[in-house]
Amino acid sequence: MLRKIVFGFLWFIGLNVVIGLLIAMIAGMVAGAGETDPQKAFEAGRVAGASVAWLQSYVFVGSAIVSIIGAVKGYLPGTKRAPQSSGGA
C-alpha cells in the first residue's frame, strides 16, 4: 500500500511539472514564432508563458485526479499488485 502511495505521488509530481512546462513552452513558441529579433521573441514568449499561468490550477487538479485514480486502480506503472507466489514447487 505504501508503494502505491509513493508511486502515486511521484506520478502526480511528474504529470504536474511536465504538463505545466508543455503548456508554457507551446504558448511561448507560438507567441515568439513571428519575431525575427531574438530579444523581442524572448519577451513575447515570456509574456505568453505568464498569460497561461492560470491554467496551472487545472493542471494541478487534473494531475491529482489522474494520479489518485491511476494509483488506486493500478493503471499507472509502479502501482500494480505484486504477483502472488503460488506456494507450490
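For the structure, check the block above.
Residues numbered from 1 in each chain as written. Predicted model: local features only at pLDDT ≥ 70, side-chain atom pairs only at ≥ 80, totals over all residues. Heavy atoms only, no water.

### So, the overall build of the chain
Scanning the chain from N- to C-terminus turns up three helices and zero strands. Taken from N to C terminus, the helices and strands of the chain fall in the order α-α-α. Against the globule reference of 12 Å for 89 residues, the chain gives a C-alpha radius of gyration of 20 Å, more extended than a compact globule. For the C-alpha atoms alone, the extent of the chain along its principal axes is close to 70 × 25 × 15 Å. In the chain, which comprises 89 residues, the share counted as buried stands at 21%. Across the chain, contacts joining residues at least 24 apart in sequence account for 69% of those joining residues at least 6 apart. Surface exposure of the chain reaches about 6,600 Å², of which carbon and sulfur atoms provide 73%. (Helix = DSSP H or I, 4+ residues; strand = E, 2+ residues; numbered from the N terminus. Rg over C-alpha atoms; globule rule 2.2 N^0.38 Å. Buried < 20%, exposed > 50% of the residue type's maximum accessible area, 1.4 Å probe, protein only. Contact = heavy atoms within 4.5 Å. Areas by Shrake-Rupley, 256 points an atom, 1.4 Å probe, with all protein chains shown as cover.)

### Thoughts on the environment of Arg-3
Secondary-structure assignment places Arg-3 in helix 1 (residues 2-32). Counting along the chain gives 76 residues from Arg-3 to Thr-79, while the straight-line C-alpha distance between them is 7.1 Å. In contact with Arg-3, other than residues within four places in its own chain, are Gly-78 and Lys-80.

### Here we look at the side chain of Ser-63
Here Ser-63 is to be found in helix 3 (residues 56-73). For Ser-63, the residues in contact, after removing those within four places along its chain, are Phe-12, Leu-15 and Asn-16.

### Thoughts on the layout of surface pockets
Taken as a whole, the largest pocket spans an internal volume of roughly 170 Å³. Its residues placed into classes, the lining of the largest pocket shows eight nonpolar, two polar and one charged. (1 Å grid on protein atoms, 1.4 Å probe; cavity = no way out; pocket = protein on both sides within 12 Å on 5 of 7 lines; lining within 4 Å. Points joined across faces, edges and corners; volume = space filled by probe spheres on them. Nonpolar A, V, L, I, M, F, W, Y, C, P; charged D, E, K, R; others polar.)

### Concerning the packing of aromatic side chains
Applying the stated criterion to the full structure yields three aromatic pairs. Measuring from ring centre to ring centre gives 5.2 Å for Phe-12 and Phe-60, while their planes differ by 85°; the resulting arrangement is edge-to-face. Taken together, the positions of Phe-12 in helix 1 and Phe-60 in helix 3 put the pair 48 residues apart, joining distant regions of the chain. Note on Trp-54 and Tyr-58: the rings are 6.1 Å apart at their centroids and 90° apart in plane angle, and the pair reads as edge-to-face. With respect to class, Trp-54 is no different from Tyr-58; both count as exposed. Members of the aromatic cluster, joined through ring pairs, are Phe-9, Phe-12 and Phe-60. (Phe/Tyr/Trp six-rings, centres within 6.5 Å; stacked < 30°, edge-to-face > 60°.)

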